[in-house]
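Summary of the model geometry
Below, each chain spelled out in residue letters.
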Amino acid sequence: MNFSHEFDEQRFFEIWTSVRIERPVPFSLFTFGDQKLPYFLVCGAAESGSTVTIRKGEVSITRPMIITPDRMEPEFRNFFEEQAEADLAAFLLSRTAGFSNLKFANTSGPERIVSDSIEEAVAKLNRQLDDEEEEHVAILSAPPGMGGIAVMRYAAERVWESAPGNIQELRERGFLN
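Below, the structure is looked at part by part. (Residues numbered from 1 in each chain as written. Predicted model: local features only at pLDDT ≥ 70, side-chain atom pairs only at ≥ 80, totals over all residues. Heavy atoms only, no water.)

Describing the overall build of the chain
For the chain, the count of helices and strands is four helices and seven strands. From first element to last, N terminus to C terminus, the chain shows the α and β order α-β-β-β-β-α-β-β-α-β-α. Here the chain holds 177 residues, and the buried ones make up 39% of them. At a minimum sequence separation of 6, the contacts of the chain that also span at least 24 residues come to 79%. Summing over all exposed atoms, the chain offers an accessible surface of approximately 10,700 Å²; the carbon and sulfur share of this is 51%. (Helix = DSSP H or I, 4+ residues; strand = E, 2+ residues; numbered from the N terminus. Buried < 20%, exposed > 50% of the residue type's maximum accessible area, 1.4 Å probe, protein only. Contact = heavy atoms within 4.5 Å. Areas by Shrake-Rupley, 256 points an atom, 1.4 Å probe, with all protein chains shown as cover.)

This is the structure in structure tokens:
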């Protein structure tokens, strides 16, 4: 994909803010090793008043043991239906040092169709996770066709929020001296 054209920041902002992290997870990512980020994704219907879908999934984030030139760019597997979306995401996140060598893999189960609105589906999932005392599962919501963006945003925000603690741990272990 050719990215030499001017970047439409307003359009990216509209897409980025159209997806929501309804139930964030308060835990940092591991500094060393792989991390699993389970989630529920609630996607809106194409037509107003129609059914919404719920899908359970998990993002795996892998940090390479050795960084080589072929591992310098982020990799996203199973996030997007269109390769153009994947190329755009990789382009944007490769400009952020925290993503330059991470590998992201998304796996998800089958969709469940429910007659609730997005808000009702999110509320029911929140009650279910509260009843189960589950603190490690996020709830995401997205308009139709934006599920991959919602999952990418969730993973990206977990990396960004964990970065200060990860850097501190690297410092404490003598890797940044």
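Read on, since the account is not over.
Some thoughts on the nonpolar core
One recurring pattern in soluble globular proteins is that nonpolar side chains are buried together. Y39, L41, V59, I61 and L140 are the most contacted members of the largest nonpolar core, which totals 25 residues. Broken down by element, the residue count for this core peaks at eight residues, all from helix α4 (residues 147–172). Judged by nonpolar contacts, the second largest core, of eleven residues, contains V52, I54, A121 and V137. (Core = buried A, V, L, I, M, F, W, Y, C linked by side-chain atoms within 4.5 Å.)

Focus on the pattern of salt bridges
The final tally for this structure, using the stated rule, is six salt bridges. In this structure, D116 and K124 form a salt bridge, with 3.1 Å as the shortest nitrogen-oxygen distance. (Salt bridge = Lys/Arg side-chain N within 4 Å of Asp/Glu carboxyl O.)

Overview of the environment of T51
Inspection of the secondary structure puts T51 in the loop between β2 (35–43) and β3 (52–62). Judged by its relative accessible area of 36%, T51 is partly exposed. Along the chain, T51 and I118 lie 67 residues apart, while their C-alpha atoms are 9.0 Å from each other. The contact partners of T51, leaving out residues within four places of it in the chain, are A45, I113, V114 and S115.

Re unusual backbone geometry
Here the phi dihedral of E133 falls at roughly 55 degrees; this positive angle occurs in a residue that is not glycine. If you trace the backbone, E133 turns up in the loop between α3 (118–131) and β7 (138–142).

Quick look at α3
Over its 14 residues, α3 extends 20 Å from the first C-alpha to the last, a length consistent with the 20 Å expected when each residue adds 1.5 Å. Of the residues trailing α3, E133 is marked for its positive phi of about 55 degrees. (Expected span 1.5 Å × (residues − 1).)

Brief notes about a negative patch on the surface
Judged by side-chain charge, D131, E132, E133 and E135 come together as a negatively charged surface patch. Along the chain, E135 turns up in the loop between α3 and β7. Residue classification places E135 among the partly exposed residues on the basis of a relative accessible area of 49%. (Patch = residues over 30% accessible without salt bridge, like charges linked within 9 Å, V, L, I, M, F, W, Y side chains within 5 Å. Lys, Arg positive; Asp, Glu negative; His and termini not counted. Charge placed at Lys NZ, Arg CZ, Asp CG, Glu CD.)

Let's talk about the environment of N126
Its location among the elements puts N126 in helix α3. Spatially, the C-alpha atoms of N126 and R23 are 7.5 Å apart, while their sequence positions differ by 103 residues.

Examining the side chain of T53
Positionally, T53 belongs in strand β3. The contact partners of T53, leaving out residues within four places of it in the chain, are L41, V42, C43, E111, R112 and I113.

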